[in-house]
Amino acid sequence: MKIPSSIWTLLIGIVLTLASLWYGQNHGLLPVAATDEAVLVDGLFNAMMIVSTGIFLLVEGILIYSAFKYRRRAGDDEDGPPVEGNIPLEILWTAIPAIIVIGISVYSFDVYNEIGGFDPHAIHEAPMMNQESMAMPGSAIAATLSDTPPGTEPNLNQEKSDEAMQDPATAEVRNADQIPQLRNAPGVGSVAPTIGGTPDKAGKPAQLQVNVTGLQYAWIFTYPETGITTGEMHVPIGREVEINMTANDVIHAFWVPEFRLKQDAIPGRQSEIRFTPQKAGDYVLICAELCGPYHGAMRAPVVVESEEAFAKWMQEQLVASKETLNQAVAVNPANLSPNEFLAPYTKDMGIKPEILHQVHH
């Protein structure tokens, strides 16, 4: 009994559809989804994998079938029949990809909007970063590199106004607004495009703010509510986090693969990312923009933890920050080079000595 070609086509279509659906949901190509936004991005990625798998199996299947079915037999030296074209077939294979591309585009825009990426008013309404809270540890340490007598409490406000009198090596690791060539550059202080809050949280402040500064080749995190500055980022589960970013030297890119979000940190400009972590764990912040010879080493730990663990860590950092400042004030750096003086403090932040040396020179 000969099975009609229409039945074969139907059976093959069912098999291809089932295989595509299964692989699109079980490809295992993505790391764990650690945020609410990651779930939305994964849905889009899985949909594209389903479509791609189906097209791949269909095209490769037709190629293999055609190569076997229409191969030249032994002793057959004749030319094949001339084929002028097939208008319906050409319309079909043009219309189907067009529909697929339009469908994925609409779906992509919807996901981008749902994670807060589409907000045409954000560039005008976003608040500027508090530059006081963006100051890095070097700003406090720099005060002791001046003529401040040992044991005297430094005046941090006076330190900013007397920047020209401070060690130039320390000034290099300040925030973008502290760098002369960036401070006077056009566009400094403006807001770059952002990935803001989701539509249901639009216009509402995030539950936690973290200011992030990228520099060759490290990430510095400041919590403006407490003034804590550290080389690793801790965030609590279930609380929406707003990341305000800038860069000190060249363009860097904030990317945590498990969060499925990426945004550039641009010198003299502020960019923003919002996300809500949902899975506890230790992750890695990677610079996704080629920023120099040590680009591959520009990483920082990101810890997603419970509210209790986060509160405990914050308290530990407050105590440690006070002790560090007291140590810095007590040390007389007159006979120390900037590298030697800063080394004990930058070591805890994960900045390697050779990287610190490059920043200073």
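The notes below deal with the structure included here. In this text, all values refer to a predicted model and were calculated from it rather than measured experimentally.

Scoring rules and cut-offs
Residues numbered from 1 in each chain as written. Predicted model: local features only at pLDDT ≥ 70, side-chain atom pairs only at ≥ 80, totals over all residues. Heavy atoms only, no water. Helix = DSSP H or I, 4+ residues; strand = E, 2+ residues; numbered from the N terminus. Buried < 20%, exposed > 50% of the residue type's maximum accessible area, 1.4 Å probe, protein only. Core = buried A, V, L, I, M, F, W, Y, C linked by side-chain atoms within 4.5 Å. Contact = heavy atoms within 4.5 Å. Pairing = 2+ DSSP bridges. Axes fitted to C-alpha atoms, helices over the stretch in contact; angles between N-to-C directions.

Within the secondary structure layout, Tyr-217 lies in the loop between β2 (208–215) and β3 (218–223). We classify Tyr-217 as buried; its relative accessible area is 3%. On a C-alpha basis, the gap between Tyr-217 and Met-298 in space is 5.0 Å, while along the polypeptide they are 81 residues apart.

Time to look at the nonpolar core. If you look at the biggest cluster of nonpolar residues, it comprises 37 residues, and the most contacted ones within it are Val-210, Trp-219, Tyr-223, Met-233, Ile-243 and Phe-254. Beyond its immediate chain neighbours, meaning those up to four positions away, Met-233 contacts Val-210, Phe-221, Tyr-223, Ile-243, Phe-254, Phe-275, Pro-301, Val-302 and Val-303.

A few words now on the sheet that holds strand β11 (residues 299–305). Spatial strand order, β5-β11-β10-β7-β8: five strands in an open sheet with mixed pairing. Both edges of this open sheet fall to β5 (233–236) and β8 (261–265), since each of them pairs with a single strand only. Strand-to-strand, the axes of this sheet are offset by a mean angle of 25°, without reference to chain direction. Across four bridges, the pairing between β5 and β11 is parallel. Along β11, the bridge assignment pairs Val-235 with Val-304.

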